[in-house]
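Observations on chain architecture
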Amino acid sequence: MNPNSLARALRKKSTWAEKKLWAILRDRRFSAHKFRRQHKVGTHYLDFYCAEARYNLELDGGQHGFPEQQAQDSERDQYLNSRNIQTRRFWNSQLKDV
């Protein structure tokens, strides 16, 4: 599948938490920085990425609580860190009261 097509499909299938956070981040509403949704870096698609700040926000659902997924997330975070991209992870449930 074309990388742009996959990113578009991921945006169309956003979770409730992704929709909620995007409403806060889009159009520079949160800060002067521009965020992108489902931005491709290497083989990874980042949930919310700010190129200016080299900052990535990831929203994690329940599947990220399993050891196998945590190991994959750790590898991914190390890869991004090696590219000078800082990652911050939040559980979807943390957005319920925002």
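Just so it is clear, the structure is predicted and the values come from calculations on it, not from any experiment.

1. Comments concerning the overall build of the chain
A count of helical and extended segments in the chain gives three helices and four strands. Starting at the N terminus and ending at the C terminus, the chain contains elements arranged as α-α-β-β-β-α-β. Looking at the chain residue by residue over its 98 residues, the buried ones come to 30%. Partitioning the contacts of the chain with sequence separation of at least 6, the portion at a separation of at least 24 is 56%. About 6600 Å² of surface is accessible on the chain, with carbon and sulfur atoms providing 49% of the total.

2. What to know about the sheet that holds strand S4 (residues 86–91)
Paired through backbone hydrogen bonds, the strands of a sheet run either parallel or antiparallel to each other. Ordered by their spatial adjacency, four strands build an open sheet running S1-S2-S3-S4, and the pairing between neighbours is mixed. Single-partner strands in this sheet number two, and they are strand S1 (36–41) and S4. For this sheet the average axis-to-axis angle between neighbouring strands, irrespective of direction, equals 45 degrees. Relative to strand S3 (residues 55–60), strand S2 (residues 44–50) is paired through three bridges, and the arrangement is antiparallel. By the bridge assignment for S3, Tyr49 is matched with Asn56. Set on the sheet, helix H3 (residues 67–82) makes contact with S1, S2, S3 and S4; between it and S2 the angle comes to about 55 degrees.

3. Structural notes on the packing of aromatic side chains
Throughout the structure, instances matching the rule amount to one aromatic pair. Geometrically, the ring pair formed by Trp22 and Phe48 is stacked, given 6.1 Å between the ring centres and 20 degrees between the ring planes. Here the residue Trp22 occupies a position in helix H2 (residues 16–25), and Phe48 occupies one in strand S2, the gap between them amounting to 26 residues. With respect to burial, Trp22 and Phe48 carry one shared label: buried.

4. Here we look at the nonpolar core
Burial of nonpolar side chains together is a common tendency in soluble globular proteins. In this structure, Ala17, Leu21, Trp22, Leu25, Phe35, Phe48, Cys50, Leu57, Leu59 and Leu95 together form the largest nonpolar core, which totals ten residues. Taken together, the elements giving at least two residues each to this core come down to H2, S2 and S3. Ranked by the residues each element gives to this core, the list is headed by H2, at four residues. Residues within four places of Leu25 in sequence aside, it is in contact with Phe30, Phe35, Phe48 and Leu57. If you look at the next biggest cluster of nonpolar residues, it comprises five residues, including Val41, Tyr49, Leu80 and Ile85.

Rules and cut-offs
Residues numbered from 1 in each chain as written. Predicted model: local features only at pLDDT ≥ 70, side-chain atom pairs only at ≥ 80, totals over all residues. Heavy atoms only, no water. Helix = DSSP H or I, 4+ residues; strand = E, 2+ residues; numbered from the N terminus. Buried < 20%, exposed > 50% of the residue type's maximum accessible area, 1.4 Å probe, protein only. Contact = heavy atoms within 4.5 Å. Areas by Shrake-Rupley, 256 points an atom, 1.4 Å probe, with all protein chains shown as cover. Pairing = 2+ DSSP bridges. Axes fitted to C-alpha atoms, helices over the stretch in contact; angles between N-to-C directions. Phe/Tyr/Trp six-rings, centres within 6.5 Å; stacked < 30°, edge-to-face > 60°. Core = buried A, V, L, I, M, F, W, Y, C linked by side-chain atoms within 4.5 Å.

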